[in-house]
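Below, each chain spelled out in residue letters.
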Amino acid sequence: MTDTQSALNVSEVQAQLASDGVVVLPGLIQGQCLADMQAVFEKALQHPSWNTWMGYEQNERWRLLVENLMVYDQSFYDLALHSQINEVIAEYIGPDFQLMEARGWETIATKRKFHGWHNDAWYDPVLETIPRELKVACYLTDVESGQFQYVKGSHTPAKRPGHWNDKQIEEQHADTIENAFGPAGTVVLFDPTGIHRQASPVLTPRRIVMLNYHDPSVPIQQQDKEWGRYRPLLLNAEFLGNLSDDQQRILGFGVKGQLGSW
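These lines cover the structure that appears in this document, whether it is placed above or below.

The rules we used
Residues numbered from 1 in each chain as written. Predicted model: local features only at pLDDT ≥ 70, side-chain atom pairs only at ≥ 80, totals over all residues. Heavy atoms only, no water. Buried < 20%, exposed > 50% of the residue type's maximum accessible area, 1.4 Å probe, protein only. Helix = DSSP H or I, 4+ residues; strand = E, 2+ residues; numbered from the N terminus. Arc of directions from axis to C-beta. Contact = heavy atoms within 4.5 Å. Salt bridge = Lys/Arg side-chain N within 4 Å of Asp/Glu carboxyl O. Phe/Tyr/Trp six-rings, centres within 6.5 Å; stacked < 30°, edge-to-face > 60°. Lys NZ or Arg CZ within 6 Å of the ring centre and 35° of its normal. Core = buried A, V, L, I, M, F, W, Y, C linked by side-chain atoms within 4.5 Å.

## Some words on helix 1 (residues 10-20)
All of the buried residues along helix 1 are V10, V13, L17 and D20. Summarising the axial view, the buried residues of helix 1 lie within an arc of 120°, below the 170-degree limit, and thus occupy one face. Tucked inside the fold, the buried residues of helix 1 contact strand 1 (22-25), helix 4 (83-93), strand 6 (133-139), strand 7 (143-151) and strand 10 (187-190). G21 lies just past helix 1 and shows a positive phi near 85°.

Printed below as a string of structure tokens:
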């Protein structure tokens, strides 16, 4: 595997992530890697998925979902296994982290406010300690509206999953909102325990890749078991040559999913 072109200061990213819960890295992904991801998305969004066609799914009105990105193209492996991003993830989650989900979507242009302030639910709520998770988002389009928003510092102390309205956020957190505008290739690292949303309006369609990393030993909530999330990744053998042992671990080689067989 080869890294994408731009480098980052790992120690600075680690410090900002620990402090704010979010780091915005404009233009981190460039060149052929970005172009290939954009081309794959363009093709996938031409038709809904049917029969043997790998296209989009639509499980809500405003977003077209592209699942199982690791079957599509080498470029998604280059992003998911970016050595410096993985170094940040290992420091934040622990050395046994794994890529648990690789998906993306296009948010269609809309003035409707459809995505409220929230933090994520995924782990078994009986756990006494809230486990860490990290998401890596990569913009495939320039984002000048409908940006990702995050309340900086809201990840600590960690909160149980919940929802907040605009008034609550404005009264309590107006000065700490990160507005993640950026060109295509911008990467956002964030702890989804913190409060976040996609802003509105969305004036032009927004395409994004979303990678989800956590420790696979953490028990997940019953709802995700029933919905079949966090099963072993679907991978494409064409792109699996020359992987290091650590990269194989990140992709879940030989690890049985929490849900067992299909």
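Next comes the rest of the account.
## A look at the pattern of salt bridges
Under the defined criterion, the tally for this structure stands at ten salt bridges. Between K135 and D120 there is a salt bridge, and its shortest N-O distance comes to 2.8 Å. Of the two residues, K135 sits in strand 6 while D120 sits in the loop between strand 5 (117-118) and strand 6, which places them 15 residues apart along the sequence. Using a relative accessible area of 13% as the deciding quantity, one classes D120 as buried.

## Description of the packing of aromatic side chains
Remark: the centre distance and the inter-plane angle together describe each pair of aromatic rings, the angle taken between the planes. Summed over all chains, the structure comprises seven aromatic pairs. A ring pair is formed by W62 and F114, whose centres lie 6.4 Å apart and whose planes are at 40°; its orientation type is tilted. Of this pair, W62 sits in the loop between strand 2 (57-60) and strand 3 (63-66) while F114 sits in the loop between strand 4 (98-107) and strand 5, and the two are 52 residues apart along the sequence. Geometrically, the ring pair formed by W122 and Y123 is edge-to-face, given 5.7 Å between the ring centres and 90° between the ring planes. This pair shows no difference in class: W122 is buried, exactly as Y123 is. Aromatic ring contacts, followed pair by pair, group F148, Y150 and F190 into a single cluster. R63 extends its terminal NZ or CZ atom over the ring of W105, reaching a point 4.6 Å from the ring centre.

## Topic: the nonpolar core
Nonpolar side chains tend toward joint burial in soluble globular proteins. Grouped together as the largest cluster of nonpolar side chains are 50 residues, with contacts concentrated most on V209 and Y213. Considering each element in turn, this core owes the most residues, six residues, to helix 2 (residues 31-44). Beyond its immediate stretch of four places on either side in the chain, Y213 contacts A80, N86, I89, I93, F97, Q98, L99, E133, L134, V136 and I250. Core analysis: the second largest hydrophobic core is formed by 14 residues, V22, V143, F148 and A180 among them.

## Quick notes on unusual backbone geometry
The peptide bond linking T156 to P157 adopts the cis configuration, its omega dihedral lying at -5°. Examined against the element boundaries, P157 turns out to sit in the loop between strand 7 and strand 8 (163-164). Cis rather than trans, the peptide bond between S200 and P201 has omega equal to 0°. Its location among the elements puts P201 in the loop between strand 11 (196-198) and strand 12 (206-214). For N68, which is not glycine, the phi torsion reads 55° and is therefore positive. Residue position: N68 is located in the loop between strand 3 and helix 3 (74-80). With a phi angle near 65°, N242 is a residue other than glycine that sits in the positive phi range. Along the chain, N242 falls in the loop between helix 6 (222-227) and helix 7 (245-251).

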